[in-house]
Amino acid sequence: MARIAVIGLGYVGLTTMAAFTELGHSVTGIDLDKKKVELLHKGQIPFHEPGLQRLYKTLFESSKLDILESYEGVLQKFEFVFICVSTPSSPTGQADLVFVEAAITSVKPLLATNAIVVLKSTVPIGTSVRFKNELTNQAIRVAANPEFLSEGTAIEDFLNPSRIVVGADDKQTALEVMALYDNVPGSRIICGLASAESIKYASNAFLALKLSFVNEMASLANATGASMADISLGMSLDARIGDKFLRPGPGWGGSCFPKDTSELSLTAQRYGSRMLTVEAAIESNRATMVRMFEAFSSQLGIDLKGCKIAIWGLAFKANTDDVRESPAIEIATMLAKQGARVTAYDPLVKRLSLSFLHLEENPLDACFGAEALLILTEAEEFSLIDPLAVKERMAPNPAIFDGRAIINLDAWSPHFKNLKAVGQ
Ligand code: UDX
């Protein structure tokens, strides 16, 4: 059992804190956001992540967790200090390290000698080495331990990971950090600091690139009469391609892919080279959103101005309430800018400060009087809705565009003449 401090109690930090506690470590979470700490002290987490609220509440109520809003006087006792603060994109597209720099500056004078600062936040390649050089004169060690958590499956991804990566300049430090995961299955990789940082960026950028390709292939399938479902199946049977991340959609979003692809391409430029594939993936993703907006608009066949449009799904993916960089929000905005009256429903997004978007409590109410329905998040519940119930609420001869290819076209096509799906 180790004594661990987790700094930054967002989606990664809270998952890390709860999971490490489950693994038997003594964990204290620290966040400078007083409102967030106040909520956490009530046993509540400030966002939706399946299973995390229940796990956190159980651990908190059994006094296994300590939540603080200051570093003062406490850091001396920890052997490991995990930095899990956010590294959002700055206006230039580079990762903004303001929170990481502030955390390191604050903890530096307070740490025990020989403590290990573990960077779990996604930081640009070369950052960990810089911090190591800064902290070495205090005999404080640095390791990089990138997370591979997906929203909606964060706890499972932490406790049953495809791999655990620990980067450090010396093997002993890496082994001490890796030992925290002794009770966790999965492949282990010990490598250098820059390699660990690069594995994170390379993995996300490659997944984004794969999706950009899939979305372009789906558009071609629509044009040629091919089926993206069949194409994806055919591709997936090649072990070198794999069967994941082959579903077409309105583009990729979230708090990771957009910022990580942008940072990686800028990192390459900072080192005097270019990652044209990553730049192309970013450009292609933007084009996917515009292409879906245009395909839907031409399917409608009428002027968007004053047209009532229902949207199912606002989050950037299913099983999350996260709308950061959501393609659904991008496309809803494009429709509203053309004068459409947009009403939306999302299973988890219940508040949104977008004046042009009216949120409904359920999917059928969102369809009331609508001349078109656009599905933009792959929530399973959408595939279970009775098409007849939808038809009864919509305007005559509505247009239906399934931007995620998740509804059963055989069940819907008897009721809707103007019915299309991405890639089908
Ligand atoms: C991602 C990585 O998967 C995770 O390993 C990393 O730690 C953080 O970034 P996340 O951002 O939660 O996780 O979302 P992910 O599940 O990867 O989906 C990213 C985007 O791709 C979403 O917009 C999703 O809708 C889209 N997507 C995913 C598709 O359009 N089709 C697919 O088949 C899969």
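Residues numbered from 1 in each chain as written. Predicted model: local features only at pLDDT ≥ 70, side-chain atom pairs only at ≥ 80, totals over all residues. Heavy atoms only, no water.

Student: Where do I start with the overall build of the protein in this structure?
Tutor: Along the protein, the regular secondary structure elements total 16 helices and 14 strands. Taking 22 Å as the expected radius of gyration for a compact globule of 424 residues, we find that the protein reaches 23 Å, a close match to that expectation. Overall, the C-alpha framework of the protein stretches about 70 × 50 × 40 Å when taken along its three principal axes. Evaluated residue by residue, the protein yields a buried proportion of 53% over its 424 residues. In the form shown here, the protein has an accessible surface area of approximately 18800 Å², with 54% of it arising from carbon and sulfur atoms. With 40 positive and 48 negative side-chain charges, the protein shows a separation of 1 Å between the mean positions of the two kinds. (Helix = DSSP H or I, 4+ residues; strand = E, 2+ residues; numbered from the N terminus. Rg over C-alpha atoms; globule rule 2.2 N^0.38 Å. Buried < 20%, exposed > 50% of the residue type's maximum accessible area, 1.4 Å probe, protein only. Areas by Shrake-Rupley, 256 points an atom, 1.4 Å probe, with all protein chains shown as cover. Lys, Arg positive; Asp, Glu negative; His and termini not counted. Charge placed at Lys NZ, Arg CZ, Asp CG, Glu CD.)

Student: Help me understand helix H4 (residues 98-107), please; the structure alone is not making it clear to me.
Tutor: Considered for burial, the residues of H4 that qualify are Val-100, Ala-103, Ile-104 and Val-107. Looking down the long axis of H4, one finds its buried residues gathered within 95° of arc, a one-sided arrangement. (Arc of directions from axis to C-beta.)

Student: Explain the packing of aromatic side chains to me, please; I cannot follow it from the model alone.
Tutor: Ring pairs (aromatic) are described by centroid distance and by the angle formed between their planes. According to the stated counting rule, one finds 13 aromatic pairs in the structure shown. Taking the centre distance of 5.3 Å and the plane angle of 85° together, the rings of Phe-20 and Phe-158 count as edge-to-face. Taken as a pair, Phe-20 in helix H1 (residues 11-22) and Phe-158 in helix H6 (residues 154-159) lie far apart in primary sequence, 138 residues in all. On the basis of relative accessible area, Phe-20 is assigned to the buried category, the value being 0%. With a centroid separation of 6.2 Å and 80° between ring planes, the pair formed by Trp-312 and Trp-412 is classed as edge-to-face. With a gap of 100 residues between them, Trp-312 in strand S9 (residues 308-312) and Trp-412 in helix H16 (residues 409-412) connect regions that are remote in the sequence. As far as the burial class goes, Trp-312 and Trp-412 line up, both buried. Here the aromatic residues Trp-312, Tyr-345, Phe-382, Trp-412 and Phe-416 are joined through ring pairs into a cluster of three or more. (Phe/Tyr/Trp six-rings, centres within 6.5 Å; stacked < 30°, edge-to-face > 60°.)

Student: Can you help me understand the side chain of Thr-87 in this one?
Tutor: Relative to the assigned elements, Thr-87 resides in the loop between strand S4 (80-83) and H4. At 2.8 Å, the side chain of Thr-87 forms a polar contact with the backbone oxygen of Thr-122. Only 3.4 Å separates the side chain of Thr-87 from the side chain of Lys-259, close enough to count as a polar contact. In contact with Thr-87, other than residues within four places in its own chain, are Ala-95, Asp-96, Leu-97, Val-100, Ser-121, Thr-122, Val-123 and Lys-259. (Polar contact = N/O pair within 3.5 Å; in protein donor to acceptor, adjacent residues only side chain to side chain. Contact = heavy atoms within 4.5 Å.)

Student: Just checking my understanding: could you explain the sheet that holds strand S1 (residues 3-7) for this structure?
Tutor: Working definition: the strands of a sheet are paired by backbone hydrogen bonds and lie parallel or antiparallel to each other. Spatial ordering of the open sheet is given by S3-S2-S1-S4-S5-S6-S7-S8, a layout of eight strands whose pairing is mixed. Pairing within the sheet leaves two strands with one partner each, and these edge strands are strand S3 (65-68) and strand S8 (187-191). Strand after strand, the sheet turns through a mean of 25° between neighbouring axes, direction not considered. In this structure, strand S7 (residues 163-168) lies alongside S8, joined through five bridges in parallel fashion. Looking at S8, one finds that Val-165 is bridged to Ile-189. Its contacts with the sheet place H4 against S1, S4 and strand S5 (116-119), and it is angled at close to 160° to S4. The sheet contacts of helix H5 (residues 127-136) involve S5 and strand S6 (141-144), and relative to S6 the element is tilted by about 170°. (Pairing = 2+ DSSP bridges. Axes fitted to C-alpha atoms, helices over the stretch in contact; angles between N-to-C directions.)

Student: Could you clarify how one ought to interpret the packing of helix H8 (residues 193-224) against helix H11 (residues 276-300) in this entry?
Tutor: For any two helices packed against each other, one specifies the inter-axial angle together with the distance between the axes. With their axes 9 Å apart at the nearest point, H8 and H11 run at an angle of 45° to one another. As judged from the angle between their axes, H8 and H11 are oblique. Crossing angle aside, the handedness with which H8 passes H11 is left-handed. For the pair formed by H8 and H11, the contact residues are Ala-205, Leu-209, Ser-212, Asn-215, Glu-216 and Ser-219 on the first element and Thr-277, Val-278, Ala-281, Ser-284, Asn-285, Thr-288 and Arg-291 on the second. Per-class residue counts for the contact of H8 with H11 are four nonpolar, seven polar and two charged. (Parallel < 35°, antiparallel > 145°, perpendicular 65-115°, else oblique. Left-handed = near helix turned anticlockwise from the far one by under 90°. Nonpolar A, V, L, I, M, F, W, Y, C, P; charged D, E, K, R; others polar.)

Student: What is the right way to look at the site of the ligand in this model?
Tutor: As a matter of local geometry, the ligand sits amid 19 residues, with Leu-149, Glu-151, Lys-200, Phe-316 and Lys-317 nearest to it. Contacts to the ligand include Arg-247, whose backbone N or O atom sits 2.9 Å from a nitrogen atom. Contact with the protein chains removes 94% of the 660 Å² of surface that the ligand exposes when unbound. Ranked by the residues each element gives to the shell around the ligand, the list is headed by H8, at three residues. Partitioned by chemical class, the residues of the shell around the ligand number nine nonpolar, three polar and seven charged. (Near = heavy atom within 4 Å.)

Student: What is the right way to look at the sheet that holds strand S10 (residues 341-345) in this model?
Tutor: Reading across from one edge, S11-S10-S9-S12-S13-S14 is the order of the six strands in this open sheet, with parallel pairing throughout. Edge positions in the sheet fall to strand S11 (357-359) and strand S14 (418-421), since each has one partner strand and no second. Neighbour-to-neighbour, the strand axes of the sheet open up by a mean angle of 20°, direction not taken into account. Pairing of strand S13 (residues 399-402) with S14, which is carried by four bridges, proceeds in the parallel orientation. Looking at the pairing, Ile-400 lines up with Leu-419 of S14. Sheet strands in contact with H11 are S9, strand S12 (372-375), S13 and S14, and its direction is about 160° off that of S13.

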